[in-house]
Number of protein chains: 2
Amino acid sequence: MYTCEPDKRGTGKQMTDKQRRRPGETREKLMSAALDLVGKGRHFASLGIREITRQAGVVPTSFYRHFRSVDDLGLQLVDELGLVLRRMMREARANVLQADKLIEESVAIFVAHAQANRSFFLFMAQGLAGESRAVQEGIRSEMRFFASELANDLRRLRLMEHLSDTDLDLTCDLVVRTVAFSLTDLLSVSADDDYQVGQVRKRTTRFLQMVFVGAAHWNSRSA
Amino acid sequence: MYTCEPDKRGTGKQMTDKQRRRPGETREKLMSAALDLVGKGRHFASLGIREITRQAGVVPTSFYRHFRSVDDLGLQLVDELGLVLRRMMREARANVLQADKLIEESVAIFVAHAQANRSFFLFMAQGLAGESRAVQEGIRSEMRFFASELANDLRRLRLMEHLSDTDLDLTCDLVVRTVAFSLTDLLSVSADDDYQVGQVRKRTTRFLQMVFVGAAHWNSRSA
DNA sequence: CACATAAGTGAACACTTGTACACATCAGGT
DNA sequence: ACCTGATGTGTACAAGTGTTCACTTATGTG
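What comes next concerns the included structure.

This paragraph deals with the overall build of chain A. A tally of regular secondary structure across chain A gives 9 helices and 0 strands. Its helices and strands taken in sequence order, chain A reads α-α-α-α-α-α-α-α-α from the N to the C terminus. Looking at the 223 residues of chain A, the share that counts as buried comes to 51%. Of all intrachain contacts in chain A linking residues separated by at least 6 positions in sequence, the fraction that spans at least 24 positions is 62%. Per element, the accessible surface of chain A, about 11600 Å² overall, is 50% carbon and sulfur.

Put into structure tokens, the structure is as follows:
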């Protein structure tokens, strides 16, 4: 979904295809167009309605059929972002088997997803300091959810059992932040520069290891 | 500097003041105007030349006398940002006396500076995922410098001496990232909500403590 | 089938935008 | 004293912007 298809039908002024336009298709095209523009290096905050509709191969008026403003579109993108994150978590839970490689493999899965949905994560990184308060809060909320799920998983795996609930939350929050920041590193190197991507992955892994070492020895200094 | 002064002279079409306009005054007004707009909630990437010059109380054409484009202005703002960061470091070095309160006091100084130069740090947070590659790289570079200075300070204070140079750099990088991310928390709460600001400060402090606990026990697992 | 509704279209509006040009003013060096 | 450059100003224009309006078309439910 959200692939960049080059306006399959020309500038046909009339819809003559026998194939019906499935409902919500334009809505998706608009969201995907915004993401594509972000993926091309534009900042979401600088996108205009006309620009988005042009990229989507749709007349400007159509935009209002689905969104009230660009910020509104952003909000709906945040919702979709939630789905992407959930998919990523599911895959991580399924694939991370050996506890000793937990960090490494989780980071690998994260990097893979970030690469596969580059525009999406780019949008997320931008939105964190974006100009729409609502989008900002939405992304922050997704991150909180992610952190709380991570805490649950750690509890379920009987890891970090010496930590109080609030300290575990603290740890997971720090983990999520660290990963989120790595996003900006990852997205600033070209997607197919395997060496650089590998460097980011290694570095992120070490960051997380350091955080978990800190968490493992946390109680001793809580006095 | 860069205070928001409300266009002291009116819409005078001619410059009749006996007081000479000191050189570079308009340049500063333009930079300050851009920062003001960012401080008002706009995103830097969405600012236009006319908007900036309007806010600065200057005719659009003047912009080109000092900058080639908005991105160019952004680059020069990054340079100024460097100065702000250096001032902050100097103050931190001067005021942090007792090693046991090192983290707490450093965070307090950071928060104070971030509050005092809100727009500047807002600009920095935005620029990290901004649309100008050059600005992005500039901010990243400032952060690297900051991290390396922090590493030097730790060495000078004979702290974390068990860490190799690369591991110390890793630690400092993680510290700087963590603080930078806290920026987005800090800047998303209203500036005069002392309670919330205090919460962010406490949370950031605990993050850093956890990182340093991790660093303190790092060697044991480097095998 | 008829009909309400959702989705798409093109033309038009009043603004705003970036940029170019020609001109005015002043500072400083020779 | 005079020129040169840096700086600031007003005007102008073509292109792009958000938004509204009236119109068509297809869908699904009674």
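Moving on, we get to the pattern of salt bridges. A side chain of one charge can pair with a side chain of the opposite charge if their charged atoms are brought near each other. Under the definition given, this model contains 26 salt bridges over all chains. Its salt-bridge partner being A:Asp185, residue B:Arg140 comes within 2.9 Å of it at the nearest N-O pair. Of this pair, B:Arg140 sits in helix H7 (residues 133–156) while A:Asp185 is found in helix H8 (residues 165–188), placing the two residues in two different chains. The two residues B:Arg140 and A:Asp185 agree in class, both being buried. Between B:Arg86 and B:Glu142 there is a salt bridge, and its shortest N-O distance comes to 3.0 Å. Highlighted residues: B:Arg86 in helix H4 (residues 70–95) and B:Glu142 in helix H7, separated in sequence by 56 residues.

A separate point is the nonpolar core. Counting residues in hydrophobic clusters, the biggest one holds 143 residues, and the most contacted among them are A:Phe121 and B:Phe121. Not counting residues within four places of it along the chain, the set of residues in contact with B:Phe121 comprises B:Val84, B:Leu85, B:Met88, B:Phe110, B:His113, B:Ala114, B:Leu183 and B:Leu187.

Here we come to helix H2 (residues 49–56) of chain B. Residues and elements named next belong to chain B. All of the buried residues along H2 are Ile49, Glu51, Ile52, Thr53 and Ala56. Buried positions along H2 lie against helix H1 (25–39), helix H3 (60–66) and H4. Just beyond H2, the residue with positive phi is glycine 57, at close to 70°.

Gaps between atoms show up when a probe of the same size as a water molecule is rolled over them. As enumerated under the stated definition, the model contains 3 cavities of 30 Å³ or more in all. Its volume calculated, the largest cavity comes out at about 200 Å³. Surrounding the largest cavity, 18 residues form its lining, A:Leu128, A:Thr184, B:Ala125, B:Leu128 and B:Thr184 being those nearest its centre. Secondary-structure elements contributing two or more residues to the lining of the largest cavity are helix H6 (118–128) and H8 of chain A together with helix H6 (118–128) and helix H8 (165–188) of chain B. In the lining of the largest cavity, the residues fall into 12 nonpolar, 6 polar and no charged. B:Leu85, B:Met88, B:Phe110, B:Phe121, B:Met124, B:Glu142, B:Met143, B:Phe146, B:Val176, B:Val179, B:Ala180 and B:Leu183 are the residues that line the second largest cavity. Sort the elements by how many residues they give to the lining of the second largest cavity and H8(B) lands first, with 4 residues. Here the residues of the lining of the second largest cavity sort into 11 nonpolar, no polar and 1 charged.

On to the relation of the copies chain A and chain B, then. Take chain A, turn it by 180°, move it 0.0 Å along the axis, and it overlays chain B with an RMSD of 0.0 Å. Expressed as an axis order, the relation between the two copies is that of a two-fold axis. Closest to the rotation axis within chain A is the C-alpha of A:Gly214, separated from it by 1.7 Å. Residue by residue, 100% of the interface of chain A is reproduced at the interface of chain B, so both copies engage with the same surface.

Parameters at a glance
- The residue count restarts for each chain, going from 1 along the sequence in the order it is written.
- Labels are handed out in written order, letters beginning with A for the chains and numbers beginning with 1 for the ligands.
- Owing to the predicted nature of the model, reporting of local features is limited to residues with pLDDT of at least 70; listing and counting of side-chain atom pairs is limited to 80 or more, with chain, interface and lining totals taken over all residues.
- Hydrogens and water are ignored here; the side-chain numbers use all heavy atoms of the structure.
- Where helices and strands are cited, they refer to DSSP runs of H or I of at least four residues and of E of at least two residues respectively, numbered from the N terminus.
- Burial status follows relative accessibility: with a 1.4 Å probe on protein chains alone, a residue under 20% of its type maximum counts as buried, one over 50% as exposed, and anything between as partly exposed.
- In what follows, a contact means two residues having at least one pair of non-hydrogen atoms within 4.5 Å.
- Computed by Shrake-Rupley with a 1.4 Å probe, the accessible areas treat only the displayed protein chains as cover when residues are assessed.
- What makes a salt bridge here is a side-chain nitrogen of Lys or Arg within 4 Å of a carboxyl oxygen of Asp or Glu, nothing more.
- The term nonpolar core refers to a set of buried residues drawn from Ala, Val, Leu, Ile, Met, Phe, Trp, Tyr and Cys, joined through side-chain atoms within 4.5 Å.
- The way it works is a 1 Å grid over only the protein atoms, where trapped points that fit a 1.4 Å probe form a cavity and open points with protein on both sides within 12 Å along at least five of seven lines form a pocket, and then any residue with an atom within 4 Å of a point lines it.
- Grid points are joined across faces, edges and corners, and a volume is the space filled by probe spheres set on the points.
- Here the term charged refers only to Asp, Glu, Lys and Arg, the term nonpolar to Ala, Val, Leu, Ile, Met, Phe, Trp, Tyr, Cys and Pro, and the term polar to all other amino acids, Gly among them.
- Superposing copies: least-squares fit, C-alpha atoms only, residues required to have pLDDT of at least 70 in both.

The analysis is restricted to geometry; functional conclusions fall outside its scope.
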